[in-house]
Amino acid sequence: MTAEERRNLRAFQDYVIKILDPTYILSYMSPWFKDDEVQYIRAEKNNKGTMEAASLFLKFLLELEEEGWFRGFLDALAHAGYSGLYEAIESWDFQTIERLEEYRSLLKRLQPEFKTTVNPKDILPEVSKCLISQECEEIMQVCSNKGLMAGAEKMVECFLRSDKENWPKTLKLALDKEESKFSELWTVDKGAKNIDVKVLEDDEMETSDIQIFYKEESECQNLSQNSCPSSEVSHIYTPVKPRNYQLELALPAKEGKNTIICAPTGCGKTFVSLLICEHHLKKFPQGQKGKVVFFAVQLPVYEQQKSVFSNYFERLGYKVAGVSGATSENVSVKQIVENNDIIILTPQILVNSLKNGTIPSLSVFTLMIFDECHNTGKHHPYNMIMFNYLDQKLGGSSDPLPQVIGLTASVGIGDAKSTAEAVEYICRLCASLDTSVIATVKDNLEELEGVVYKPQKFFRKVESRTTDGFKCIISQLMRETESLAKSIFDEIGTITLGISQIRNREFGTQKYEQWIVTVQKACTVFQLPDKDEESRICKALFLYTSHLRKYNDALIINEHARMKDALDYLKDFFTNVRAAGFDEIEQDLTRRFEEKLQKLESVSMDPSNENPKLKDLCFILQEEYHLNPESRTILFVKTRALVDALKKWIEENSELSFLKPGILTGRGKTNQNTGMTLPAQKCALDAFRTNGDKKILIATSVADEGIDIAECNLVILYEYVGNVIKMIQTRGRGRARGSKCFLLTSNAVVIEKEKINIYKEKMMNDSISMLQTWNEAVFKEKVLQIQIQEKVIRDSQGKVEPVPDKENKKLLCRKCKAFACYTVDIRVVEECHYTVVGDAFRKCFVSKLHPKPKSFGYFEKRAKIFCARPNCSHDWGIHVKYKIFEIPVIKIESFVVEDIATGAQKLYAKWKDFHFEKIPFDAKEMPK
C-alpha cells in the first residue's frame, strides 16, 4: 500500500461509503480488524445506518499499518460480489459508478410508486445478479417478516448501493418481463435496442427505440382442438390431418396470392399458417430457398408461436429462430435472418432493422405472415413495415417482394355507418397489406360450426345503488389528498404537472387513472434548481398519487362489487404502508383514512347497501345452473381488482359457493398482488378444463383471444364491452353447443354500444361477401389506387420539416450546468452525429480511452469525453477519428439547452426533437 493509494482511497471514499455495506466483507477482513472494531461497525449499522457504518469502516481501514491490508480489502470486495467497486478502486476510475448517479436519483424519486406497484419477489430472480447475494436473502426475509412494501423498500435501498453498471437496464428488462406498470415510469433506459445499431453508438449516439406493444391479453392461439399443440407445446410433434375448412382458408395463399384470412376465434388460424408456410417452403426448386417471417405483436404470443413453429418445422429439417425486444440485446438480427428459414419477430425489430440498414430490404423474405393483422394502421409497426414494402412496390424496384398473409378474427369496419363505407374501410386494410383476396369459410361452414359455436346473446340492464355512502366518504378523502398535492406547488408558486385540472375529472373512473399516470410521468422529468427541494416535491407527489390510485380502484370495486371488498382492498393497502417506511406524509394520509374507518365499516356492513348488480348476477348464475348443472362459465370483468372481489363474493355466497371459482388475469402488474405469470395462467386454464368442480372462471381481457376453452357454454360480460373486434373474440370463448352470452350493465349506453357492435359485425360480414364477388382484377386496381393516393399523402407529410430556430443558444452540462458550447458551433456529421468545432469546446471536456474501441464506416471510436469541471465528470459522448479528423461527438441528452435572451432552459432526449439550424460538417473548417 503506497502513500498515493492511501491518498486515492481517501479522495474517493465518498463513492465507497455510498456503495459498501461493510458487514458483508467483515468476515474477509478478520486478519486486519480487531473483534471490538467489527462489533463497533455492526452496531453502527444497526443504530445509525449503512453509510455511517461504511464511514466508520473506512476510518479503521485507513488507520491500518500492517502489510497487505489494501490487497486484502480488494480481495474482500471481490469475494463479497462488489465487482464494480473492485474495478473502480483497482484502476482509480469511478466514471462508471458516477454514471449511475442519474439512475439513483430517478429511483429515489420513484421510490413511493415502486413500493406500491412492484412485487420484489417476482423480479428478484431477474435482478439478483446486480445485487449482493446477502442483499437478496435480506430482501426475501423482509418480504416474509414485514410484507411486500417493506421488501420493495429494501430492494430500492439495495439498488441505490449497487455498483453494477447494467443494473438500470436489468431492472427495466425484469419489469418488462413481468409487464409491470412501473416500467412506464422507469424510462432512463429507452428499451432494448438492436445490437447491430450500437456498433458505433455504444449508447452514446442516438438509436431507434424498440417499442413493444404490450396488451393485457396473453394470447395462446388455439391451433384447433385436435390439430396442433396449444400453449404448452410438446417437444414431440405428432402430425395430424387438417380439417377441410382449414384447407379452404389456406387455398388462396397456397396459390401464391396475398391474402387476409378472416376466421373465427378458436378455429385454428395458426395451424392454417403452418400449412401455408410448409407449402411455401417446399415449392422452391433445388438450389433456391424460401425465407418466412412471422410477426406477433404481443410478447407472450411471440414466445408461444416460436415454440409452435419450432416443433412443427424442425422435424422437417427447417431452421427456426426468433428475436423480440427482450432478446435483441444478445443476438444479431442480421445473422438470425441469414441463418434461418423461418424467423418469428415482434414487428418493431424489423422496423428498426430496415431503418438502420441491418436488413437491407424486405426482398430478403419470400413470405411475411402478420398475426392479428387488423392492427395494420396509423403508426403501428405493421404499417411501418408495409410502408417500406409499398415504397418498394410503387417505386419501380426490380427486386422481388415477399408474399403477404394476414390473420385475424375480424377485419373491423372502423367508424363506417353504411355498407359502402365498410367496404371502403376493408379495401384500405387490404391496400395496407397489399392483399386482394379475403379468405373466409364458405364451402365448409357446417364443419366450422361444429368446432366454433356462436352463442346466443342476451342483454340485461341492471340497477346501481340509489345512494352510496362509501363513495361519499372516499371522494372526500380524495379531495383532501388532491388539496395536499396542490399545496406543494402553491409553496413554490408553481402550478404544473396537471394538478390544476383536477376539477375536470370524475372519481372512480379509468379517466382518473389515466390522469394519475400522466402526472407521474410528468413528475419524472420535473426540475428545480434546488435538487433537494425537487426530490422532496417529487417524492411527495408520488405518494399522494399512489394513494389516489388506491382510492380510485376502491371506488371501481365498490361500483361493481361489495362495499366490503372495496374497504378490504384499502385496509390491506394501509396495512402494507404501515409495515414499510411510513414517513410523515404516509402517516398523515393513514391517519385521515383511519379517522373515516369506523364510518366506512358501518356503511359497508349495512344490508341496505347491498349492490343490486350482484343480485342480478346471482339470479342469472342460479337460473343457468338450474337448467344445466354441468354449465361451464367465463365471467369477464374490467379490472383485476374486480376479479379478486367477485371471487370472494362467490366463495362467501352460500347459493354460489358450489361454483368454486378460478381466476385468470394478465401478466401486467399495477400493484404487488396482481398479475399472473404464464405458468400460473396455464395452471388456471388447465384446472378449469380438467377439474369438474371448477365451474366458473373469472377473467379480465386476457381470455379475449387465443385461449382454447372449448367446453365453455356460458359467457357473462359484467360491465364489459369493447369494439366489434373485441366483441367477436370475447363471444368466441363460448364454444360449446347451446352456449349463451349475457351482457350485464347498469349503463343503457353500454347495451346500445353492444347492439351497434352486432350490427357492425353483420355489416362487416356483408361487406366481405360483397368484396368476394368482385372481379380480382377490379379489386387489385382498387387496392392500387388507394396505395398510390396514400403514398402521395405520406410523401408530402414526410417532406414537412419544422422551421429551424436560427437564434443562437447555449448548451450547458446537464449535471452541473457548466457552459459547454453554442449551437452555432455544432455541425452534423453523416446526417445523424453531432460534433462541435473550435478550440474553445476542447477546454470544456476531458477524455479517457474508450474501454471498447471500435470502427464503423468512416468512424473509429477512441475515447469517451466528460465534463471537465471538478466533481462533475458528466458523460458527454465520445471522441472519434472521422476519416482524417479527430473530433468529439456529443449526445444531446447530456446537456440543457438555454435560450440566451430569456434564460429559459429545455431538455431534449433526441437530436431530432431539437429544431435548431443544423449546419453540415465541412472539412474546410477543421484546423490544418
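Residues numbered from 1 in each chain as written. Predicted model: local features only at pLDDT ≥ 70, side-chain atom pairs only at ≥ 80, totals over all residues. Heavy atoms only, no water.

Participant: Hey, could you run me through the environment of S397 in this one?
Facilitator: Relative to the elements of secondary structure, S397 occurs in the loop between α19 (381-394) and β6 (403-408). Reaching out from S397, the side chain makes a polar contact with the backbone nitrogen of D399 at a distance of 3.1 Å. (Helix = DSSP H or I, 4+ residues; strand = E, 2+ residues; numbered from the N terminus. Polar contact = N/O pair within 3.5 Å; in protein donor to acceptor, adjacent residues only side chain to side chain.)

Participant: Can you help me understand the sheet that holds strand β13 (residues 740-745) in this one?
Facilitator: Strand order in the open sheet formed by six strands is β8-β13-β12-β9-β11-β10, and the pairing between neighbours is parallel. Unpaired on one side and paired on the other, β8 (456-461) and β10 (662-664) mark the two borders of the sheet. For this sheet, the mean inter-axis angle between neighbouring strands, taken without regard to orientation, is 20 degrees. The pairing of strand β9 (residues 633-636) with strand β11 (residues 696-699) spans four bridges and is parallel. Counterpart to T633 in the pairing with β11 is I696. Contacts between helix α28 (residues 640-652) and the sheet are confined to β9, β10, β11 and β12 (714-718), with β11 contributing the most and set at about 155 degrees to the helix. (Pairing = 2+ DSSP bridges. Axes fitted to C-alpha atoms, helices over the stretch in contact; angles between N-to-C directions. Contact = heavy atoms within 4.5 Å.)

Participant: Teacher, can you tell me more about unusual backbone geometry here?
Facilitator: Trans peptide bonds make up most of the peptide bonds, and negative phi angles are found at most residues other than glycine. Residues other than glycine seldom take positive phi values, yet E372 does so here, at roughly 50 degrees. Summarising the element assignment, E372 is placed in the loop between β5 (367-370) and α19. Look at E830: it is not a glycine, yet its phi comes out positive at around 55 degrees. Here E830 lies in the loop between β16 (826-829) and β17 (833-836).

Participant: I'm lost on helix α26 (residues 584-605) in this one. Help?
Facilitator: Two residues of an α-helix separated by three or four positions point the same way, owing to the 3.6 residues in each turn. Its 22 residues place the ends of α26 31 Å apart at the C-alpha level, agreeing with the 32 Å of an ideal helix rising 1.5 Å per residue. The sharpest bend along α26 measures roughly 45 degrees and falls at L597. Listed as buried for α26 are I585, E586, D588, L589, T590, F593, L600, V603 and S604. Sitting at the head of α26, D583 places a side-chain oxygen 3.2 Å from the backbone nitrogen of I585. (Expected span 1.5 Å × (residues − 1). Bend = angle between axes of the 7 residues up to and from the residue. Buried < 20%, exposed > 50% of the residue type's maximum accessible area, 1.4 Å probe, protein only.)

Participant: Even after reading the chapter, I still don't get the UniProt feature "binding site: Zn(2+)" (unreviewed entry) in the chain, so can you show me in this structure?
Facilitator: When the UniProt feature table is mapped onto this chain numbering, "binding site: Zn(2+)" (unreviewed entry) sits at C813, C816, C867 and C872. Their sequence span is 60 residues, while the largest C-alpha to C-alpha distance among them is just 9.1 Å; these annotated residues converge on one region. Relative to the helices and strands, C813 is located in strand β14 (residues 809-813). In this structure, C813 is in contact with A818, C867, C872, H874, W876, S894, F895 and V896, ignoring residues within four places of it in sequence. Along the polypeptide, C816 turns up in the loop between β14 and β15 (819-822). Aside from chain neighbours lying at most four places away, what touches C816 is C867, R869 and C872. (UniProt positions renumbered as here; feature names shortened; annotations may be inferred.)

Participant: Help me out: how do you make sense of the pattern of salt bridges in this one?
Facilitator: Close approach of charged atoms allows side chains with opposite charge to pair. Throughout the structure, instances matching the rule amount to 56 salt bridges. The salt bridge partner of K48 is E44, with a shortest N-O separation of 3.8 Å. Judged by its relative accessible area of 14%, E44 is buried. K810 is the salt-bridge partner of E898, the closest N and O atoms lying 3.9 Å from each other. Taken together, the positions of E898 in strand β22 (residues 895-899) and K810 in strand β14 put the pair 88 residues apart, joining distant regions of the chain. (Salt bridge = Lys/Arg side-chain N within 4 Å of Asp/Glu carboxyl O.)

Participant: Where do I start with the nonpolar core in this structure?
Facilitator: Nonpolar side chains tend to gather and get buried jointly when the protein is soluble and globular. Counting residues in hydrophobic clusters, the biggest one holds 102 residues, and the most contacted among them are F114, W186 and F470. Mapped onto the domain boundaries, this core takes at least three residues apiece from domain 3 (456-462 + 610-766) and domain 4 (472-603). Residue contacts for F470: discarding those within four places in its chain leaves A554, L555, N558, M563, A566, L567, L570, L600 and V603. Counting residues in hydrophobic clusters, the runner-up holds 47 residues, among them V333, C373, V423 and M763. (Core = buried A, V, L, I, M, F, W, Y, C linked by side-chain atoms within 4.5 Å. Domains from an automatic or database assignment.)

Participant: Help me understand the packing of aromatic side chains in this model?
Facilitator: Geometrically, a pair of aromatic rings is defined through the distance of the ring centres and the angle of the planes. In total, this model carries 42 aromatic pairs according to the counting rule given. Aromatic pair F295 and F370: ring centres 4.8 Å apart, planes at 35 degrees, arrangement tilted. Placement of F295 in strand β2 (residues 292-295) and of F370 in strand β5 is noted, with a sequence separation of 75 residues between them. On the accessibility criterion, F295 (0% relative accessible area) is buried. Centre to centre, the rings of F819 and Y822 are 4.9 Å apart; their planes meet at 55 degrees, and the pair counts as tilted. Given a relative accessible area of 31%, Y822 falls into the partly exposed group. Among the aromatic residues, ring-to-ring pairing joins F12, Y15, W69, F70, W92 and F94 into one connected group. Lying across the ring of F284, K283 places its NZ or CZ 5.8 Å from the centre. The ring of Y312 has R315 lying over it, and the distance from NZ or CZ to the ring centre is 4.7 Å. (Phe/Tyr/Trp six-rings, centres within 6.5 Å; stacked < 30°, edge-to-face > 60°. Lys NZ or Arg CZ within 6 Å of the ring centre and 35° of its normal.)

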